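# What the coordinates show
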Amino acid sequence: METISVGLAAGLIALGVLTMVFAGIRSLVLGKQDYKKIGMMAVPFVVFGISYGVTGEVAKAGVLTATIMMAFMIHTIALTGLRGTFKF
């Protein structure tokens, strides 16, 4: 029974992801989305791919990706604060 439940849950997750990808492509084709926004959404996947290529393990690549993205976030927040303070 658990195997069936896990399989159904995985199938529903895959169906949801497939639907989101289809909706994103459709919005892009119809001109409702900007290429820059879609590019920004792809950054974590690119970082994960590079991390996986370097480490060779999914778990290590996930941790490295999270660390890199958090460092990028802190760096961006600091730059935004400095820009607001010094009116760059």
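Just above sits the structure.
Attention in this report is confined to the structure presented alongside it. (Residues numbered from 1 in each chain as written. Predicted model: local features only at pLDDT ≥ 70, side-chain atom pairs only at ≥ 80, totals over all residues. Heavy atoms only, no water.)

### A closer look at the packing of aromatic side chains
Across all of its chains, the model carries one aromatic pair by this definition. Ring centres of phenylalanine 48 and tyrosine 52 lie 6.4 Å apart, and the angle between their planes is 15°; on these two criteria the pair is classed as stacked. With a gap of four residues between them, phenylalanine 48 and tyrosine 52 both fall in helix H2 (residues 35-55), about one helical turn apart. (Phe/Tyr/Trp six-rings, centres within 6.5 Å; stacked < 30°, edge-to-face > 60°. Helix = DSSP H or I, 4+ residues; strand = E, 2+ residues; numbered from the N terminus.)

### Considerations on the pattern of salt bridges
A full pass over the atoms with the stated rule returns one salt bridge. The salt bridge partner of glutamate 57 is lysine 60, with a shortest N-O separation of 3.7 Å. (Salt bridge = Lys/Arg side-chain N within 4 Å of Asp/Glu carboxyl O.)

### Notes on a nonpolar patch on the surface
On the surface, a nonpolar cluster with roughly 610 Å² of combined accessible area is contributed by Ile13, Val17, Met20, Val21, Ile25 and Val29. Assignment of secondary structure puts valine 21 in helix H1 (residues 2-29). (Patch = residues over 30% accessible without salt bridge, like charges linked within 9 Å, V, L, I, M, F, W, Y side chains within 5 Å. Areas by Shrake-Rupley, 256 points an atom, 1.4 Å probe, with all protein chains shown as cover.)

### A word on the environment of glycine 62
Relative to the helices and strands, glycine 62 resides in helix H3 (residues 58-86). Taking relative accessible area as the criterion, glycine 62 reaches 30% and is therefore assigned partly exposed. Separated by 40 residues in sequence, glycine 62 and phenylalanine 22 have C-alpha atoms that sit 25 Å apart. (Buried < 20%, exposed > 50% of the residue type's maximum accessible area, 1.4 Å probe, protein only.)

### Things to note about the side chain of serine 51
Looking at the secondary structure, you find serine 51 in helix H2. When its relative accessible area of 3% is taken as the criterion, serine 51 is described as buried.

### Digging into the layout of surface pockets
Estimates place the volume of the largest pocket at around 410 Å³. Every residue along the wall of the largest pocket is listed here: Met20, Val21, Gly24, Ile25, Gln33, Lys37, Ile38, Met41, Ala42, Pro44 and Phe45. If you list the elements that add at least two residues to the lining of the largest pocket, you get H1 and H2. The greatest single-element share of the lining of the largest pocket, amounting to six residues, is contributed by H2. Counted by class, the lining of the largest pocket contains eight nonpolar, two polar and one charged residues. (1 Å grid on protein atoms, 1.4 Å probe; cavity = no way out; pocket = protein on both sides within 12 Å on 5 of 7 lines; lining within 4 Å. Points joined across faces, edges and corners; volume = space filled by probe spheres on them. Nonpolar A, V, L, I, M, F, W, Y, C, P; charged D, E, K, R; others polar.)

### Overview of the packing of H2 against H3
For the pair H2 and H3, the least separation of the axes is 8 Å and the interaxial angle reads 135°. Relative to H3, the element H2 lies oblique. As H2 runs across H3, the sense of the crossing is right-handed. Within the contact between the two elements, H2 uses Val43, Pro44, Val47, Phe48, Ser51, Tyr52 and Thr55 and H3 uses Val58, Lys60, Ala61, Gly62, Leu64, Thr65, Ile68 and Met69. Grouping the amino acids of the contact of H2 with H3 by side-chain chemistry returns 10 nonpolar, four polar and one charged. (Axes fitted to C-alpha atoms, helices over the stretch in contact; angles between N-to-C directions. Parallel < 35°, antiparallel > 145°, perpendicular 65-115°, else oblique. Left-handed = near helix turned anticlockwise from the far one by under 90°. Contact = heavy atoms within 4.5 Å.)

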